[in-house]
Amino acid sequence: MKKKVWFLLVISLLLAACSGGPGGGPGETSTGENGDGGDTAVNNSEGSGGAEGAATGPQLASQLTVYNWPDYIDETLLTEYEEEYGVQITYDTYASNEDLLAKLQAGATGYDVIFPSDYMVSQMIELGLLAEIDTNNLPNFANVSEDFKNAPFDPNNRHCVPYQWGTTGIAYRAGHEFFAENTPDSWAYLFDPELLAHYADGGINVLNDQRELIGAALFYLGYSPNSTDRAQLEEARDVILAAKPYWKTFNSEDYDDALLIADEVVLSHSWSGDAANAYWSTYDDATEDGNWYYAIPQEGAVKWLDNICITAFSERKETALHFMNYLLDAENGAAITNFTYYASPNEAAKAYIEPDILADAGIFPPANVQDKLQWLFELGDGVFMWDEMWTAIKGR
Ligand code: N2P
């Protein structure tokens, strides 16, 4: 039995942070051709588990295009959906909310189902990029925890339903001699050159994600991760530029497997599930321990909720809704978390989630930790200033 809880609750000095609700080209596993007709292309009427009524079943298109974060679903679920419903799924991935938005704004209208985070949902609603849904047509919406319904970024779930949630902190190599004496429980371990000098030769990775990285620097400086104050943002940019020479990689796509598990780095800015993947993938029954630990910095950290949404331009909305309902099934929701190591907002799924995952406080943080995390909000026009900082950070 893997009983050891590896997560460090290093939050005691956390400043009172704002809490509240979450306010705030098709391809890789493609199994079909592009460009079939829309939902009118009836080819399935099995009906079981359908979103549109049991009697006749939904009118499903022959294809569906799904655009998600990397390593964010157990792909056997896709195959099972294809086999059960006769819908061929084209599955593709993006690295960040900003990449997703840029792709849609550049005219990639082929995508039906997407998975933006909280702040990006509100931005996309304002831009008219998301279709409206009626959760009355989603029987499995009842599986979702009330805590995650009706979030401020999408009142009454008029556009999206919750998919997975997590935190953003620091993953570090257990057994590294410097970390044996010094727990990386502060963003200083990512940004302070004096500290970085102790372990930079082992490799450091940061998330290639502007809201996360600039947000972390803002936490480090004692500011809001949603700041749109130019002086604060410039300070954050300069903190990042001073630390950048010590970093080996900007990777938010496959850093858990390619860098953490592969021992290419000793410390990484990390999403909770990726850190947990690194821990459980290196877990040794003999020592009852894994190689990677995860800490939430004392200055505060981001809590996020990713969502399943249908694009406004989807020509297969009924099929997309049917697929959305499929993902909200209790056992399917559990299969997703058992694969990704991210927390599930699907309450009914918990009966099927691995006990070790449910008990892992790094994945499902206790309430006292959650209360001290902060949501990211849409930045309004401030987004242009953030883009400017990000260009300066990545460009030099
Ligand atoms: C995992 C993607 C995590 C999504 N590879 C963070 N919002």
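Since the model is a prediction, treat every value here as computed from it, not as a measurement. (Residues numbered from 1 in each chain as written. Predicted model: local features only at pLDDT ≥ 70, side-chain atom pairs only at ≥ 80, totals over all residues. Heavy atoms only, no water.)

Turning our attention to unusual backbone geometry. One non-glycine residue with positive phi stands out, namely Glu 288, at about 55°. Here Glu 288 lies in the loop between helix 10 (272–281) and strand 8 (292–295). Given a relative accessible area of 41%, Glu 288 falls into the partly exposed group. Residue Tyr 341 is not a glycine yet carries a positive backbone phi of 70°. (Helix = DSSP H or I, 4+ residues; strand = E, 2+ residues; numbered from the N terminus. Buried < 20%, exposed > 50% of the residue type's maximum accessible area, 1.4 Å probe, protein only.)

By the element assignment, Ile 170 lies in strand 4 (residues 160–173). For the pair formed by Ile 170 and Asp 185, sequence separation is 15 residues and the distance between their alpha carbons is 7.8 Å. Those residues in contact with Ile 170 that sit more than four places away from it in its chain are Pro 184, Ser 186, Trp 187, Tyr 189, Leu 267, Ser 268, Tyr 293, Tyr 294, Ala 295 and Pro 297. (Contact = heavy atoms within 4.5 Å.)

Turning our attention to the pairing of strand 9 (residues 302–310). Side chains on a regular strand alternate between the two faces of the sheet. Most of strand 9 is tucked away, with 9 of its 9 residues classed as buried. Burial along strand 9 is two-sided: Val 302, Trp 304, Asp 306, Ile 308 and Ile 310 facing one way and Lys 303, Leu 305, Asn 307 and Cys 309 facing the other are all buried. As defined by bridge partners, strand 3 (residues 113–114) adjoins strand 9 across 2 bridges and the pair is classed as antiparallel. Bridge pairing in strand 9 places Ile 114 opposite Cys 309. (Pairing = 2+ DSSP bridges.)

Here we take up the side chain of Thr 340. Counting through the fold element by element, Thr 340 comes out in helix 12 (residues 330–340). For Thr 340, the contacting residues outside a window of four places in its chain are Asp 71, Tyr 72, Ile 73, Gln 164 and Gly 273.

Attention shifts here to the nonpolar core. The nonpolar side chains of a soluble globular protein tend to be buried, and buried together. Ranked by internal contacts, the top residues of the largest apolar core, which has 124 residues, are Phe 191, Tyr 199, Ile 214 and Phe 323. The element that contributes the greatest number of residues to this core is strand 4, accounting for 7 residues. Look past the residues within four positions of Tyr 199 in its chain and what remains in contact with it is His 176, Phe 178, Phe 179, Tyr 189, Ile 204, Val 266 and Leu 267. (Core = buried A, V, L, I, M, F, W, Y, C linked by side-chain atoms within 4.5 Å.)

No statement about biological role is implied by the geometric values presented.
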